[in-house]
Amino acid sequence: MDIILCPTAEEASLRAAALITNAVRARPATVLGLATGSTPLRLYQALIQACRDGLDFSRVRTFNLDEYYGVAPDHPQSYRRFMNEHLFDHLNLNPANTRVPDGLARDVAAHCAAYEAEMRAAGGVDIQVLGIGSDGHIGFNEPGSSLASRTRLVALTPQTVSDNARFFATVDEVPRHAISMGIGTILEAKRCVMLCFGANKAKAVRAALEGGISQFTPASALQMHPDTTVFLDEAAAADLQLKEYYRWSAANQPA
Ligand code: PGA
């Protein structure tokens, strides 16, 4: 893992964005794995700015990590709608090249298998963007998810339901289930980029980056991935033992 500790989430987001824009510039048909939530919003704004500045996304393909189960694509809180509003509508992407699991899939197992088949047919994900849950999840792979798990229907933890209640009128409206890429699916991405910001992530970050690899901290599985870069702000890094080293490493990256 390459752990990059930045003074602010702003700087971390811009560095992560540069990694992605460089990849798209080098390979216009890049396949991006994308995430929702508050964490990647600044990164997405930077991608939109890059597109306005002339970067071509017309051949980029995208696969999102997850979607709430039982939620229609046009539901105000669906992840499809989130992605359209915060990214897809502002890039020169071909809408047909953007994929989000279908929260209304009737045959969920068949839908999940087809989603994975489509990722494989696209040549696999080149760069997977990830956030981390306060319970250590990546995608909606909650603690206890098999490290070999594939795209499937998952139950959210009460912690995740409570964390996500801020997007809904009441906590009772938060879906209890989601369709999520598995940890095994995520680990097949050629490169992973995880962003972790804010004090409420510090405990999960410590467990994921400096604890043992365990299904109780799904993000710890990234320790086994050969090309993962983690961008942290100071608040999320508060509990890390090797903080000084990560700061030094961030300040001394090769050109
Ligand atoms: P957040 O969610 O970016 O809204 O904090 C991250 C996650 O749950 O993966």
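Since this is a predicted model, take the numbers as computed values, not measurements. (Residues numbered from 1 in each chain as written. Predicted model: local features only at pLDDT ≥ 70, side-chain atom pairs only at ≥ 80, totals over all residues. Heavy atoms only, no water.)

Next up on the list: the sheet that holds strand S7 (residues 152–155). Paired through backbone hydrogen bonds, the strands of a sheet run either parallel or antiparallel to each other. Taken together, the three strands give an open sheet; going across it, the order is S4-S8-S7, and neighbouring strands pair in antiparallel fashion. Whereas interior strands pair on both sides, the edge strands pair on one side only; in this sheet they are strand S4 (66–68) and S7. When the angles between neighbouring strand axes are averaged without regard to direction, this sheet yields 30°. One ladder, built from four bridges, connects S7 with strand S8 (residues 177–180); its direction is antiparallel. Each bridged residue has a counterpart across the sheet, and for Val-154 the counterpart in S8 is Ala-178. (Pairing = 2+ DSSP bridges. Helix = DSSP H or I, 4+ residues; strand = E, 2+ residues; numbered from the N terminus. Axes fitted to C-alpha atoms, helices over the stretch in contact; angles between N-to-C directions.)

A separate point is the site of the ligand. Around the ligand lies a shell formed by Gly-37, Ser-38, Thr-39, Gly-131, Ile-132, Gly-133, His-137, Arg-166 and Lys-201. At a separation of 3.0 Å, an oxygen atom of the ligand approaches a polar backbone atom of Ser-38. Contact with the protein chains removes 83% of the 280 Å² of surface that the ligand exposes when unbound. Among the residues making up the shell around the ligand, the classes are represented as one nonpolar, six polar and two charged. (Near = heavy atom within 4 Å. Polar contact = N/O pair within 3.5 Å; in protein donor to acceptor, adjacent residues only side chain to side chain. Areas by Shrake-Rupley, 256 points an atom, 1.4 Å probe, with all protein chains shown as cover. Nonpolar A, V, L, I, M, F, W, Y, C, P; charged D, E, K, R; others polar.)

In this section: the nonpolar core. Counting residues in each nonpolar core, the largest one holds 65 residues, and the members touching the most others are Leu-43, Tyr-44, Phe-57, Leu-87, Met-194, Leu-209 and Leu-232. Sort the elements by how many residues they give to this core and helix H2 (residues 41–52) lands first, with seven residues. Each residue touching Leu-87, except ones within four places of it in the same chain, is listed here: Leu-34, Tyr-44, Leu-47, Ile-48 and Phe-82. The next biggest cluster of nonpolar side chains, apart from the first, holds 11 residues, and it includes Tyr-68, Leu-156, Phe-168 and Ala-178. (Core = buried A, V, L, I, M, F, W, Y, C linked by side-chain atoms within 4.5 Å. Buried < 20%, exposed > 50% of the residue type's maximum accessible area, 1.4 Å probe, protein only. Contact = heavy atoms within 4.5 Å.)

Turning our eyes to something else, we now look at the sheet that holds strand S6 (residues 127–130). Strand order in the open sheet formed by seven strands is S1-S10-S9-S6-S2-S3-S5, with parallel pairing between adjacent strands. Whereas interior strands pair on both sides, the edge strands pair on one side only; in this sheet they are strand S1 (2–5) and strand S5 (98–99). Inspection of the sheet shows S1 paired to strand S10 (residues 228–232) by four bridges, in the parallel sense. Counted as the bridge partner of Ile-3 is Val-230 from S10. Docked against the sheet, helix H1 (residues 9–26) engages S1, strand S2 (31–34), S6, strand S9 (191–196) and S10, running at close to 150° with respect to S10. Along the sheet, helix H4 (residues 108–121) makes contact with strand S3 (61–64) and S5, crossing S3 at roughly 150°.

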